[in-house]
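Structural characterization, general
Below, each chain spelled out in residue letters.
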Amino acid sequence: EMEEWNAGHAPEATHIPMGELASRIGHVDRSRPIIIICRTGRRSDHAAGALRNAGYDAYNFSGGMQAWQQAGGTVLTPTGLPGSVI
């Protein structure tokens, strides 16, 4: 979701809201594995499944951004400043 993205996301991530995935799926790079992440991992699990069904090599980041941050992963705002997981 946009408010989650603006609060903080993983570096080099691309934001595609769940509601836009079907219309933007053609813009997702098929040449490498795709890691999908959301706040807790629930929505990203559905998105990863949809991408796998469409022939992508897609994986859910279990535990989401909460697990990412807890493990010491960098969290940034869209401007590149330190962010937070909300």
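Provided above is the structure to which this section pertains.
These figures come from a predicted structure and were not determined experimentally. (Residues numbered from 1 in each chain as written. Predicted model: local features only at pLDDT ≥ 70, side-chain atom pairs only at ≥ 80, totals over all residues. Heavy atoms only, no water.)

When its secondary structure is counted, the chain shows four helices and two strands. Element order for the chain, N to C, with α for helix and β for strand: α-α-β-α-β-α. In terms of overall size, the chain behaves like a compact globule, its C-alpha atoms giving a radius of gyration of 12 Å where 86 residues would be expected to give roughly 12 Å. Judged by the C-alpha coordinates and their principal axes, the chain covers about 35 × 25 × 20 Å. Sorting the 86 residues of the chain into buried and exposed places 29% on the buried side. Summed over all atoms, the accessible surface of the chain reaches about 5,500 Å², with 52% contributed by carbon and sulfur. (Helix = DSSP H or I, 4+ residues; strand = E, 2+ residues; numbered from the N terminus. Rg over C-alpha atoms; globule rule 2.2 N^0.38 Å. Buried < 20%, exposed > 50% of the residue type's maximum accessible area, 1.4 Å probe, protein only. Areas by Shrake-Rupley, 256 points an atom, 1.4 Å probe, with all protein chains shown as cover.)

Before going further, it helps to spend a moment on the packing of aromatic side chains. Taken as a whole and judged by the stated rule, the model has one aromatic pair. Centroid distance Phe61 to Trp68: 5.7 Å. Interplanar angle 70 degrees. Geometry classified as edge-to-face. You can call Phe61 partly exposed: its relative accessible area is 26%. The lysine or arginine in question, Arg30, covers the ring of Tyr56, its NZ or CZ lying 4.0 Å from the ring centre. (Phe/Tyr/Trp six-rings, centres within 6.5 Å; stacked < 30°, edge-to-face > 60°. Lys NZ or Arg CZ within 6 Å of the ring centre and 35° of its normal.)

Here the structure, examined in full by the defined rule, presents five salt bridges. Glu4 serves as the salt-bridge partner of Arg39, at 2.8 Å between the closest nitrogen and oxygen. With Arg39 in the loop between strand E1 (34-36) and helix H3 (42-53) and Glu4 in helix H1 (residues 2-7), the pair connects residues that are 35 residues apart, well separated along the chain. The buried category is assigned to Glu4, whose relative accessible area is 10%. Arg43 is the salt-bridge partner of Glu4, the closest N and O atoms lying 2.9 Å from each other. Of this pair, Glu4 sits in helix H1 while Arg43 is found in helix H3, placing the two residues 39 residues apart along the sequence. Under the relative-accessibility criterion, Arg43 is labelled partly exposed at 25%. It is possible to trace a salt-bridge network through shared partners that takes in Glu1, Glu4, Arg39 and Arg43. (Salt bridge = Lys/Arg side-chain N within 4 Å of Asp/Glu carboxyl O.)

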